[in-house]
Amino acid sequence: MRDIDVSALLDGARFNAFHGRVLFWCALIIIFDGYDLVIYGVVLPALMQAWNLSALEAGLLGSCALVGMMLGALFFGPLSDRIGRRRTIMTCVILFSGFTVINGFARSPEEFAACRFIAGLGIGGVMPNVVALMNEYAPKKIRSTLVAIMFSGYSVGGMLSAGLGMALMPTWGWQSVFFVAVVPLLVLPLLVRQLPESINFLLRRGDQARARSLLQRALPDHDLMPEDRLVADQGRGSKVAISQLFHDGRTLNTLMLWLAFFCCLLMVYALGSWLPKLMTAAGYGLNSSLAFLLVLNFGAIFGAIGGGWLGDRIGLGRVLLGFFATGALSLALLALKSPLPVLYGLIGIAGACTIGTQILANACTVQFYPAHIRSTGLGWAMGVGRIGAIIGPLLGGALHAAQLPLQASFLAFAAPGVVGALAILVFLRHRPGQGAPHVGRSIPSTAS
């Protein structure tokens, strides 16, 4: 009998149709996820007018989904390490799609807030699980690139949200963009059949048969003998404790990742929630203001894919450091009066280095933790980071309510980028003890 290290085999696999299907379905989930999340920034100017909301009330309303996302990431991340990624992902899709559709029927800010909170639970819960699933199956040589391509679906969803808002809202009202969210529920039966379970989870459950079947699909050229026994990655126990995030010298790096997530998500959601409204207040029309949101998410796609490609070559940590610094600089430059083409360019760079940075931080985090605590590690990083996401819309609302010039808002949004860069610098300089891999130029197999 041979013990077969599943993670080592998956690391060395060649990209094939199986990987393509996993990438497609995970990216599709993230597209829907991004659409449902960015939708608030799209409808915010219309909501403030329809319900006569103050800037602070609008900021508070925008934070409802983000509170749900924080709780969803904290709850569903560890839960999937116990019940499986596939089942958790399906539950989250039903939550965020179903309640986003119901959001279109909201008759008051209170009903709207309740629906956004419940949808946020699903949005926050699905992200760490699809990232961890894609990371597990992706070949090591192109892992960062594939995870970045998958997570760039968030920006595609944001672009769809802004584009459909421009097309639908003038004729059908703000409610129409929420009804589009029914699409994930329609494709859910296909998703149930196509999305694979985590092999590491199956092996920890002792399900050798299903694990062998999935491994043969991922590596069709590999010959498994009937007597071979598949072995899961580190952590064969079924219980996953939060304290394991701090074992083996991971404490400082875990805290620095949390701080980086906090800063990045603050920038992302301050911009995503308030960019159209800030630009409307600056004298641009509604469609022009939504176009800025479109450019922000378009830039994020280039940032995520380009950053993932660089990460496979020089290390995700180094790329994150550069992106944080560049993001802070681009937002600071937006405080200067610039011609319209330059303004679009700076917003595109800001999207690449804020939303794109968050996408790469997700990939960096799942590569840092061993497989048995991967969803837990990412779930808690995203959950703690959601505190920054909650503060972001509130900060934007407070700045808008204070009637400060547009430049002051962009300078305030740039400050967290400097703090995030310092956090990543500490993360790179501190090398954990054996058992907690350092995310540098190459990733040891224990972190794959």
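Cut-offs applied
Residues numbered from 1 in each chain as written. Predicted model: local features only at pLDDT ≥ 70, side-chain atom pairs only at ≥ 80, totals over all residues. Heavy atoms only, no water. Helix = DSSP H or I, 4+ residues; strand = E, 2+ residues; numbered from the N terminus. Buried < 20%, exposed > 50% of the residue type's maximum accessible area, 1.4 Å probe, protein only. Contact = heavy atoms within 4.5 Å. Lys, Arg positive; Asp, Glu negative; His and termini not counted. Charge placed at Lys NZ, Arg CZ, Asp CG, Glu CD. Salt bridge = Lys/Arg side-chain N within 4 Å of Asp/Glu carboxyl O. Patch = residues over 30% accessible without salt bridge, like charges linked within 9 Å, V, L, I, M, F, W, Y side chains within 5 Å. Areas by Shrake-Rupley, 256 points an atom, 1.4 Å probe, with all protein chains shown as cover. Phe/Tyr/Trp six-rings, centres within 6.5 Å; stacked < 30°, edge-to-face > 60°. Core = buried A, V, L, I, M, F, W, Y, C linked by side-chain atoms within 4.5 Å. Axes fitted to C-alpha atoms, helices over the stretch in contact; angles between N-to-C directions. Parallel < 35°, antiparallel > 145°, perpendicular 65-115°, else oblique. Left-handed = near helix turned anticlockwise from the far one by under 90°. Nonpolar A, V, L, I, M, F, W, Y, C, P; charged D, E, K, R; others polar. Expected span 1.5 Å × (residues − 1). pLDDT = per-residue confidence, 0-100.

*Asks:* Can you walk me through the overall build of the chain in this structure?
*Replies:* Of the regular secondary structure elements, the chain holds 17 helices and 2 strands. Projected onto its principal axes, the C-alpha positions of the chain cover 70 × 45 × 35 Å. When each of the 448 residues of the chain is scored for burial, the buried share is 61%. The contacts of the chain with a sequence gap of at least 6 include a subset with a gap of at least 24, amounting to 83%. Of the side-chain charges in the chain, 31 are positive and 19 negative, and the distance between the mean point of each set is 4 Å.

*Asks:* Can you help me understand the pattern of salt bridges in this one?
*Replies:* A side chain of one charge can pair with a side chain of the opposite charge if their charged atoms are brought near each other. Per the counting criterion, the structure on display carries 4 salt bridges. Here Asp 207 ties to Arg 210 by a salt bridge, and the two come within 3.9 Å at their closest N and O atoms. Looking at Asp 207, the relative accessible area reads 23%, which means it is partly exposed. Salt-bridge contacts for Asp 248 lead to Arg 250; the nearest nitrogen and oxygen are separated by 3.8 Å. On the accessibility criterion, Asp 248 (42% relative accessible area) is partly exposed. Take Arg 250: its relative accessible area is 2%, and that puts it in the buried class.

*Asks:* How should I be thinking about a nonpolar patch on the surface in this particular structure?
*Replies:* Side chains of Val 182, Val 183 and Leu 186 sit close together on the surface and give an oily, nonpolar patch of about 240 Å² of accessible area. On the secondary structure map, Val 183 appears in helix 9 (residues 183-194).

*Asks:* Explain the environment of Tyr 35 to me, please; I cannot follow it from the model alone.
*Replies:* Summarising the element assignment, Tyr 35 is placed in helix 2 (residues 17-50). Note: C-alpha distance between Tyr 35 and Cys 64 (29 residues apart in sequence) is 16 Å.

*Asks:* For this particular structure, what's the right way to read the packing of aromatic side chains?
*Replies:* Two descriptors summarise a pair of aromatic rings, namely the distance from one centre to the other and the angle between the planes of the rings. This structure, assessed with the given rule, holds 17 aromatic pairs. Centre to centre, the rings of Phe 298 and Phe 302 are 5.1 Å apart; their planes meet at 70 degrees, and the pair counts as edge-to-face. Of the two residues, Phe 298 and Phe 302 are both situated in helix 13 (residues 286-314); the distance of 4 residues between them amounts to about one turn of the helix. A residue is classified by how much of its surface remains accessible, and Phe 298, at 43% relative accessible area, is partly exposed. Each member of the aromatic cluster is reached from another via a ring pair, and the members are Tyr 40, Trp 51, Phe 112, Trp 174 and Phe 178.

*Asks:* Looking at this structure, I do not really get the nonpolar core. What am I missing?
*Replies:* Across soluble globular proteins, nonpolar side chains have a tendency to be buried as a group. With 142 residues, the main nonpolar core has Met 127, Met 150 and Tyr 154 as its most contacted residues. Considering each element in turn, this core owes the most residues, 21 residues, to helix 2. Leaving out residues up to four positions away in the same chain, Met 150 has contacts with Leu 23, Cys 26, Ala 27, Ile 30, Val 130, Val 131 and Met 134.

*Asks:* Would you mind going over the packing of helix 5 (residues 109-137) against helix 15 (residues 340-368) with me for this structure?
*Replies:* Two quantities define a packed helix pair, namely the angle between the helix axes and the distance between the axes. Running from amino to carboxyl end, helix 5 crosses helix 15 at an angle of 60 degrees, the nearest separation of the two axes being 10 Å. Between helix 5 and helix 15, the angle falls in the class oblique. Between helix 5 and helix 15 lies a crossing whose hand is right-handed. For the pair formed by helix 5 and helix 15, the contact residues are Val 131, Ala 132 and Asn 135 on the first element and Asn 362, Val 366 and Gln 367 on the second. Grouping the constituent residues of the contact of helix 5 with helix 15 by class yields 3 nonpolar, 3 polar and no charged.

*Asks:* Explain the environment of Thr 171 to me, please; I cannot follow it from the model alone.
*Replies:* You can see Thr 171 is positioned in helix 7 (residues 153-172). On the basis of relative accessible area, Thr 171 is assigned to the exposed category, the value being 60%. For the pair Thr 171 and Met 159, spaced 12 residues apart in the sequence, the C-alpha separation amounts to 19 Å.

*Asks:* It is not clear to me how the side chain of Thr 365 should be interpreted in this structure. Could you clarify?
*Replies:* Positionally, Thr 365 belongs in helix 15. By relative accessible area, Thr 365 is classed as buried at 0%. Apart from the residues within four sequence positions on either side, Thr 365 is in contact with Leu 257, Phe 261, Gly 377, Leu 378 and Ala 381.

*Asks:* Quick question: what am I supposed to make of helix 15 here?
*Replies:* The α-helix winds at 3.6 residues per turn, so residues separated by three or four positions along the chain end up facing the same way. Between its terminal C-alpha atoms helix 15 stretches 41 Å, which fits the 42 Å expected from 29 residues at 1.5 Å a residue. In terms of residue burial, helix 15 counts as a mostly covered element, since 23 of its 29 residues are buried.

*Asks:* Could you clarify how one ought to interpret the side chain of Asp 36 in this entry?
*Replies:* Following the sequence through the fold, Asp 36 ends up in helix 2. Within the buried core, Asp 36 has no salt-bridge partner, and the shortest N-O distance to an opposite charge, that of Arg 116, equals 6.6 Å. Apart from residues no more than four positions distant in its own chain, Asp 36 is found in contact with Phe 96, Ser 97, Thr 100, Arg 116, Ile 123 and Ala 181.

*Asks:* Is there a simple way to think about the environment of Ile 149 in this case?
*Replies:* Its location among the elements puts Ile 149 in helix 6 (residues 143-151). Under the relative-accessibility criterion, Ile 149 is labelled partly exposed at 31%. In the structure, Ile 149 is positioned 156 residues away from Ile 305 in sequence and 5.5 Å away in space, judged by C-alpha atoms. Apart from residues no more than four positions distant in its own chain, Ile 149 is found in contact with Leu 23 and Ile 305.

*Asks:* Would you explain the confidence of the model for the chain in this entry?
*Replies:* Interpretation of the predicted coordinates at a detailed level should be avoided for regions scoring low in pLDDT. When the pLDDT values of the chain are averaged, the result is 82; 92% of them are 70 or greater. Overall, residues 433-438 carries pLDDT values under 50, and its contacts beyond four positions in sequence, including any with other chains, amount to 19 contacts.

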